[in-house]
Amino acid sequence: MAEVQIIEVGPRDGLQNEAEFVPTEKKLELIDKLLDAGITRMEATSFVHPKKVPQMSDASDIMRKLQGYKNVSLGALVPNRKGFERASEQRIDEVNWVTAASQTFNARNINQSIEENFEAFTQLVPLMKEAGVKIRFSIATSFGCPFEGKVDEDKVLSLALAAFKAGADEVGLADTIGIAVPDHVYSLCSKVLKYSRSDSVAIHLHDTRGLALANTYAAYTAGIRLFEAAAGGLGGCPFAPGAAGNVATEDVVYMFERMNVKTGIDFSRLLEASDFAVSLSKRNPLGRIRLVENRNQLTI
C-alpha cells in the first residue's frame, strides 16, 4: 500500500507553457504511459479560456476520451464557474481551484482580487459537491510572489482554513515560482497541518532554483503525504515570470522508494513515461534521475 500519493500534473502543468501545440493524441499517449506506470491521481487538463492558455484548448476532447478509464481519479483545473460547467459535461473526479495568496498575482492571473475569487469559489462549492467531485483549493504563491516578493505565512494559513471551512476536501500549497527553501516549507506545512489531516494537504513545487527535491523532503518530514509532480520535470506558468519546471515525478518517486516510503509506482515504466513527456517539450527539462547513464543501475 502506498504511503505517499503522487498527483501527476504533467499533462496539465507540465505542458501548459509549451508554445507549440501538443497534439491531443500525444497528450493521451502520455496519460496512458503514466497510468501504466501506476499513477492513480492525475490532473489531466485545464478548463481555462483557450485564448489565455491555447495549449489547453482541447480540454473537453481530452476528458471525453478518458471516460472509460478505471483505477484513476481524473482531475482538471477550473478557474471559474464556466470552466466547471465545461468540465462537468464530461467525466471529472477532481477539481483544482486556484487562488493566489498575492493580490498582484491574482490581478495579473485572473483579473480578480483574492476576496472576489474566493467568493466565486464559495458560490461554486455546492455545485461541485452535488456533482460528487473532490475539491482541491490550491494556494498559488504560497512561498513567494514574482511581483510582491515574500508572502506572509499567516495569510496563507488563513486562506487555507477558510477554504476547508467553505467545503474544500484538500488544500494545496504551491511554490509557483520555485522560490521556497526547506525551512520555509517545513514551517508553513507544519502550521497548516495543525488544523488538517496529512492526507488533505498537497504540496506543489517548482524547481527553479534546484531545491524542489529538498523541499519535498522538508514537506514530508512536516507530515505532508500528497505531492504534485510532473514527469520529466516539465512545466512553468504563463502568468508567473521566471517560473521553471515542476519537481520531476521520477525524482520524487526515486527518493521516496530509496527511503522505503512506498509510492505504488513502477519506477522503470515511469522513466519511460518521463522520456516521452520530454519528447513533447521544447523547453529544458529539469528532471535529474532520467539523465543518469546506465539506468539499469538505478535499482530501488
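The structure presented is a predicted model; accordingly, all values stated were derived computationally and were not measured.

1. Points about the environment of D36
Here comes step 1: Relative to the helices and strands, D36 is located in helix α2 (residues 24-36).
Here comes step 2: For D36, a relative accessible area of 45% translates into the label partly exposed.
Here comes step 3: Between the C-alpha atom of D36 and that of L270, which follows or precedes it by 234 residues, the distance is 8.2 Å.

2. Details of the side chain of S196
Here comes step 1: Following the sequence through the fold, S196 ends up in the loop between α8 (182-193) and β7 (201-205).
Here comes step 2: In contact with S196, other than residues within four places in its own chain, are F164 and V201.

3. Examining the nonpolar core
Here comes step 1: If you look at the biggest cluster of nonpolar residues, it comprises 88 residues, and the most contacted ones within it are F121, M128, F137, I139, L173, I203 and F227.
Here comes step 2: For this core, the element with the highest residue contribution is helix α11 (residues 267-279), accounting for 7 residues.
Here comes step 3: In this structure, I7, V9, L226 and A230 belong to the second largest nonpolar core, which totals 5 residues.

4. Some remarks on the pairing of strand β1 (residues 5-8)
Here comes step 1: In the sheet, β1 pairs with strand β8 (residues 226-229) via 4 bridges, with the strands oriented parallel. Within β8, the position partnered with I6 by the bridge is F227.
Here comes step 2: Both β1 and strand β2 (residues 41-46) contribute to a ladder of 2 bridges, which runs parallel. Bridge pairing in β2 links I7 to R41.

Rules of the game
Residues numbered from 1 in each chain as written. Predicted model: local features only at pLDDT ≥ 70, side-chain atom pairs only at ≥ 80, totals over all residues. Heavy atoms only, no water. Helix = DSSP H or I, 4+ residues; strand = E, 2+ residues; numbered from the N terminus. Buried < 20%, exposed > 50% of the residue type's maximum accessible area, 1.4 Å probe, protein only. Contact = heavy atoms within 4.5 Å. Core = buried A, V, L, I, M, F, W, Y, C linked by side-chain atoms within 4.5 Å. Pairing = 2+ DSSP bridges.

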